[in-house]
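Examination of the molecular architecture
Spelled out from the first residue to the last, the chains are:
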Amino acid sequence: MKKLVLSCALLAALAACQTTSKVVRSTDLNLLALEKPELAVGNTYAYYDDGEHEVTTVTADGDGVYSFEVTKGASTGCTYDGDGFFAPDITWTDCSGSTGSQTLTKTGEIWPLKIGNTESYGIEGTDGTKSWTETRDCSVIGTAMVTLGTTTIPTYEVVCKDNSSTRTWFYSQSHKFPVKYTKVHKKRGLVGQRELDIGQKAG
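Scope of this entry: the structure provided in the associated data block. (Residues numbered from 1 in each chain as written. Predicted model: local features only at pLDDT ≥ 70, side-chain atom pairs only at ≥ 80, totals over all residues. Heavy atoms only, no water.)

Here Asp-83 is to be found in the loop between strand S5 (79-82) and strand S6 (91-95). From its side chain, Asp-83 meets the backbone nitrogen of Phe-85 in a polar contact 2.8 Å long. (Helix = DSSP H or I, 4+ residues; strand = E, 2+ residues; numbered from the N terminus. Polar contact = N/O pair within 3.5 Å; in protein donor to acceptor, adjacent residues only side chain to side chain.)

In C-alpha cells:
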C-alpha cells in the first residue's frame, strides 16, 4: 500500500491516481457462477478511463471475435479486435499511439466465472518496430464489493498476470461489462484504471 501511495504522490499530475470507486474484498459473498456475457453489434461500454469519459462500441461479431471502436475521449479512433474479456487483443490500430497484432494460444477455461477457474494465453506479437513472446495467466481469485458513486455491486475478481503487468477485472451478475479494471506495471506501479459509468461522476 505504501508503495502505491508513493507512486501516486510522485505522479500527482496523472489522472491514473484518481478514482471514484472503492473495493472491499469479502469471502462472505455467495455468488452464482457467472456465465460469459453475450456481446452484440451496437453494444456500447461507457466508462471513465483514468477519470476521462469514454465510450467503446461493438462494431462487428465474427464467431466470438469482436471488433471495437472508441468514439469519445482521448482514445477516439482506436479500433481493436478480440474476445472483449480477458484475452489479449488480436489486432489494434491507433490505440495509445500503437498499431499491431498478436497470435494467441489458449489453455484452460475461466468461464463461467467461479473462484479457482483459470485460463492462460501464449502470446506472440509485433507492432512493426518490436516483437515479443509472453504468457498471460488469468484466475478468479475471489469476490469483492465494488462501490461506484453511491451504488455497491457484488463482483468476482479476476487477475491476469504477464511478464510486465497485473490486470484486474471486477465482473457482476447485473452488468455485461466489467464494473472496474486496473492495470499495474511491475516497475511503474498503477498505469491505468477504468470504471463503468453507471451515472456517478468521475473524481
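What follows deals with the pairing of strand S4 (residues 65-72). Strand direction decides the pairing type here: strand S3 (residues 52-62) and S4, joined by 7 bridges, are antiparallel. Opposite Val-58, over in S4, you have Phe-68 as the bridge partner. Taking the residues between adjacent antiparallel strands as the criterion, S3 and S4 are bridged by 2 residues, where Asp-63 takes a positive phi near 60°. Pairing of S4 with S5 involves 4 bridges; the strand directions are antiparallel. By the bridge assignment, Tyr-66 is partnered in S5 with Gly-82. In this antiparallel pair of consecutive strands, S4 and S5, the connection spans 6 residues, and Gly-73 shows a positive phi of 95°. (Pairing = 2+ DSSP bridges.)

Attention now moves to the state of the cysteines. One pass over the full model with this rule turns up 2 disulfides. Residue pairing for Cys-78: its cysteine sulfur links by disulfide to Cys-95, the two sulfurs lying 2.0 Å apart. One disulfide, between Cys-78 and Cys-95, carries an S-S torsion of 85° and so falls in the right-handed class. Placement of Cys-78 in the loop between S4 and S5 and of Cys-95 in strand S6 is noted, with a sequence separation of 17 residues between them. The same class applies to Cys-78 and to Cys-95, which are both buried. A sulfur-sulfur distance of 2.1 Å marks the disulfide that ties Cys-138 to Cys-160. Judged by the torsion about the S-S bond (115°), the Cys-138/Cys-160 disulfide is right-handed. A residue pair is termed long-range when its members are at least 10 positions apart, and Cys-138 in strand S9 (residues 131-148) and Cys-160 in strand S10 (residues 151-161) qualify at 22 residues. Each member of the pair, Cys-138 as well as Cys-160, carries the same accessibility label: buried. Taken N- to C-terminal, the disulfide-bonded cysteines of the protein are connected 1-2, 3-4. (Disulfide = S-S within 2.5 Å. Buried < 20%, exposed > 50% of the residue type's maximum accessible area, 1.4 Å probe, protein only.)

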